[in-house]
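Chain residues, written in single-letter form:
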Amino acid sequence: MRRPRLVLPALAVVAALGLGGCTAEGAPQPTRTTTPPATAVRFAPQTAGDPAVVDAATAPERAVQASRAFFEASPGAVVAPDGDRAAQERAAEVAERLHVPVLLAPAPAPSASASHAPSASPTPTATPTATPTATPTASPSPDLTAVSAGLRRLGAVWVAGDAAPRLPGVRRYALADAPDVTAPATSAAVAVAADEGADTAATATARAAGATVVSSGGSRIPGASAAVVDALSKAEGEPAALIGSRFAGLGDAASWAVAAARGGYQYSGGGQVPFDGKRLFVALYGVPGDSALGVLGEQGPGATIARVEALAKRYAPLTDRHVAPMLEIIATVASGSPTDNGDYSSDLDVSRLEPFVDAAAKAGMPVVLDLQPGRADFLSQAKLYRSLLEKPNVGLALDPEWRLKPGQRPLVQIGSVSAAEVNRTSAWLADLVKEKGLPPKPFVLHQFRLDMLPDRSAIDVSRPELDVLIHVDGQGSQPAKQATWAAIHRDAPDVAWGWKNFLDEDHPTLTPAQTMEQVHPTPDLITYQ
């Protein structure tokens, strides 16, 4: 249920408090007439549109960003030293109780002069002389410019905490003596923290404003965490914020990432990042209704779902990862003879694929559409299946073996694709994901020879809307397959990995136990053809 917001005038309540201040010994103690008034807090206006992004490089900078994101005004703030986790946690507890922000005082730069000071050793002489001593060097003061500016923006008239700066017109208090303030009803925002430990101050400020803080588990994709997806999907219409330097890499994709999480879709095992290192997919590969082109085509949709679920269960006892079934459906089939359009590739009708896609969606499993373009290009063929790729459970695979140049034919030459064409295709797909607010999609590149992706280092794997996997799908003897696996891994980009077991062409075909024992690193996807 959406919580009602109570809006109070900025100075609706003025309370005179007689609290002990942090003063020098012998100095007059504050009285009721000198205690700063506790004026009302004003939370920053927030909407359910674009999220507030708190992504500066340092924790003190992010603390200031968070105060700006959640507070329009505050009579006071708590200041803790940067780098002191225990002090920050104490400050956070007070700030959350008082509903005021937490700022961080940067640690001073180390003094170089201390290590070069002269030693205080006596000088031998017949006449007693004074022993020279080191010239005392004051430690450099921390740069409090950002903290001071943050306090001025808030209109703060007091600060609390041992690290609180001395500012004209701003009263300093011990942490335990911070005055109470009047705050309006708190918001129902959801704040996603990449690393709460690194952002104790910023997340405390969010909580002080009433936000629920959930962790993305260190990922730059908020929806990588099942808890984030659950929180955002339930907080429909409520504002959101992203806290952590990890989110700086999202740029203008931050709004997409939050919208995707609000959509609620999760892969089996939780979260919206398919190849997150915590999950192992086991897939059947083939063409619907054609048993000659893979095991997926040996039965109808219902039986295919049952078969892949049973296969995945055989892997569950062999790994600590969550094991989930998947389908890889060949959507365009390379042909050894010319097709009607002359590109040596048959495009399957969407209606032929839909029963399998829909059955998989009903069973909670993802589908990857595989393209074998012949003399066509990958982007043109991908666009044929836009209606299916707009579904949250459907990803895309490119098979360069079947991407041929003019004059080449399938089964005569082994094809290849340039990084430029891969990038055009991935950019189109990533933009579609972003436009539709979909969760990150699997984007699979098949490869069993280095020349299939001749300029692989130029392939863009940075788009957060896609999770890229290289699928090593050579066939034959196990020593040959292992050699291919090692060769394709060499100098590879930072991607996930897939392995294929061929039921007829491998000698021998590995059992699930043998696959997990012999294939290292552990694949993120194991496909059967």
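Keep in mind it's a predicted model, so treat the numbers as computed, not measured.

Definitions and limits used
Residues numbered from 1 in each chain as written. Predicted model: local features only at pLDDT ≥ 70, side-chain atom pairs only at ≥ 80, totals over all residues. Heavy atoms only, no water. Helix = DSSP H or I, 4+ residues; strand = E, 2+ residues; numbered from the N terminus. Buried < 20%, exposed > 50% of the residue type's maximum accessible area, 1.4 Å probe, protein only. Areas by Shrake-Rupley, 256 points an atom, 1.4 Å probe, with all protein chains shown as cover. Pairing = 2+ DSSP bridges. Axes fitted to C-alpha atoms, helices over the stretch in contact; angles between N-to-C directions. Salt bridge = Lys/Arg side-chain N within 4 Å of Asp/Glu carboxyl O. pLDDT = per-residue confidence, 0-100. Contact = heavy atoms within 4.5 Å. Phe/Tyr/Trp six-rings, centres within 6.5 Å; stacked < 30°, edge-to-face > 60°. Lys NZ or Arg CZ within 6 Å of the ring centre and 35° of its normal. Parallel < 35°, antiparallel > 145°, perpendicular 65-115°, else oblique. Nonpolar A, V, L, I, M, F, W, Y, C, P; charged D, E, K, R; others polar. Lys, Arg positive; Asp, Glu negative; His and termini not counted.

J.: What am I meant to see in the overall build of the protein chain here?
T.: Summing up its helical and strand segments, the protein chain has 13 helices and 19 strands in all. Burial status across the protein chain gives 50% buried among its 529 residues. Carbon together with sulfur atoms contributes 53% to the accessible area of the protein chain, which is approximately 22800 Å² in total.

J.: Even after reading the chapter, I still don't get the sheet that holds strand 2 (residues 52-54), so can you show me in this structure?
T.: Here four strands make up an open sheet; going across it, the order is 2-10-8-9 and the pairing parallel. Taken across any chain shown, the strands that pair with only one partner, and hence form the sheet edges, are strand 2 and strand 9 (212-215). Neighbour to neighbour, the strand axes of the sheet diverge by 20° on average, direction disregarded. Sheet topology places strand 8 (residues 190-193) next to strand 10 (residues 240-243); four bridges connect them, and they run parallel. Residue pairing for strand 10: V192 is matched across the bridge by L242.

J.: Where do I start with the pattern of salt bridges in this structure?
T.: Working definition: two side chains of opposite charge can pair if their charged atoms are close together. Counted by the stated rule, this structure contains 17 salt bridges. The salt bridge partner of R42 is E72, with a shortest N-O separation of 3.1 Å. Taken together, the positions of R42 in strand 1 (residues 42-43) and E72 in strand 3 (residues 71-73) put the pair 30 residues apart, joining distant regions of the chain. Residue class for E72 comes out partly exposed when judged on its relative accessible area of 36%. With its nearest N and O atoms 2.7 Å apart, the salt bridge here joins E196 to R207. Linking E196 in the loop between strand 8 and helix 4 (200-208) with R207 in helix 4, this pair joins segments that are eleven residues apart in sequence.

J.: Help me out: how do you make sense of the sheet that holds strand 5 (residues 102-105) in this one?
T.: Strand pairs in the sheet, formed through backbone hydrogen bonds, run parallel or antiparallel to each other. Reading across the sheet, the four strands line up as 5-4-6-7 and stay open at both edges, with parallel pairing between neighbours. Of all the strands in the sheet, just strand 5 and strand 7 (171-173) have a single pairing partner and so form its edges. For this sheet the average axis-to-axis angle between neighbouring strands, irrespective of direction, equals 30°. In this sheet, strand 5 lies alongside strand 4 (residues 76-81) in parallel orientation, the contact comprising four bridges. Directly across from A80, in strand 5, lies its bridge partner L104.

J.: Where do I start with the confidence of the model for the protein chain in this structure?
T.: Detail in the predicted coordinates should be disregarded across regions flagged by low pLDDT. Scored by pLDDT, the protein chain comes out at a mean of 87, with 86% of its residues at no less than 70. Throughout residues 1-38 the model reports pLDDT below 50, and contacts reaching past four residues in sequence, or to other chains, amount to 67 contacts.

J.: Is there a simple way to think about unusual backbone geometry in this case?
T.: Note on backbone geometry: most residues besides glycine have negative phi, and most peptide bonds are trans. Along the chain, H507 connects to P508 via a cis peptide bond; the corresponding omega equals -10°. Along the chain, P508 turns up in the loop between strand 18 (496-501) and helix 13 (512-518). Following H520, the chain continues into P521 via a peptide bond in cis, with omega recorded as -5°. In this fold, P521 is placed in the loop between helix 13 and strand 19 (525-528).

J.: Hey, could you run me through the packing of aromatic side chains in this one?
T.: Applying the stated criterion to the full structure yields seven aromatic pairs. Here the aromatic rings of W485 and W497 are separated by 6.1 Å at their centres, their planes lie at 65°, and the arrangement is edge-to-face. Of the two residues, W485 is situated in helix 12 (residues 478-489) and W497 in strand 18; the sequence distance between them amounts to twelve residues. In this structure, W485 and W497 share a single accessibility class: buried. Pairwise contacts between aromatic rings join Y265, Y267, F275 and F281 into one cluster. The ring of W499 is capped by K481, whose NZ or CZ atom sits 4.8 Å from the centre of that ring.

J.: Would you explain the packing of helix 1 (residues 59-70) against helix 4 in this entry?
T.: What describes two packed helices is the angle between their axes and the distance between those same axes. Running from N to C, helix 1 and helix 4 cross one another at 10°; their axes reach a closest spacing of 8 Å. Taken together, the axes of helix 1 and helix 4 are roughly parallel relative to one another. Along the contact surface, helix 1 presents R62, A63, A66, S67 and F70, while helix 4 presents A201, A202, T205 and A206. Here the contact of helix 1 with helix 4 is built from residues that sort into six nonpolar, two polar and one charged.

J.: What is the right way to read the side chain of D399 from this model?
T.: On the secondary structure map, D399 appears in the loop between strand 15 (394-398) and helix 11 (419-436). For the buried D399, which has no salt bridge, the nearest side chain bearing the opposite charge is K500, at an N-O separation of 5.9 Å.

J.: Explanation requested: the packing of helix 2 (residues 85-98) against helix 4 in the structure shown.
T.: In the contact formed by helix 2 and helix 4, the axes pass within 9 Å of each other and the chain directions differ by 10°. Considered as vectors, helix 2 and helix 4 are oriented roughly parallel to each other. Contact residues: helix 2 offers R85, Q88, E89, A92, A95 and E96, while helix 4 offers T200, A201, A204, R207 and A208. When its residues are assigned to classes, the contact of helix 2 with helix 4 shows five nonpolar, two polar and four charged.

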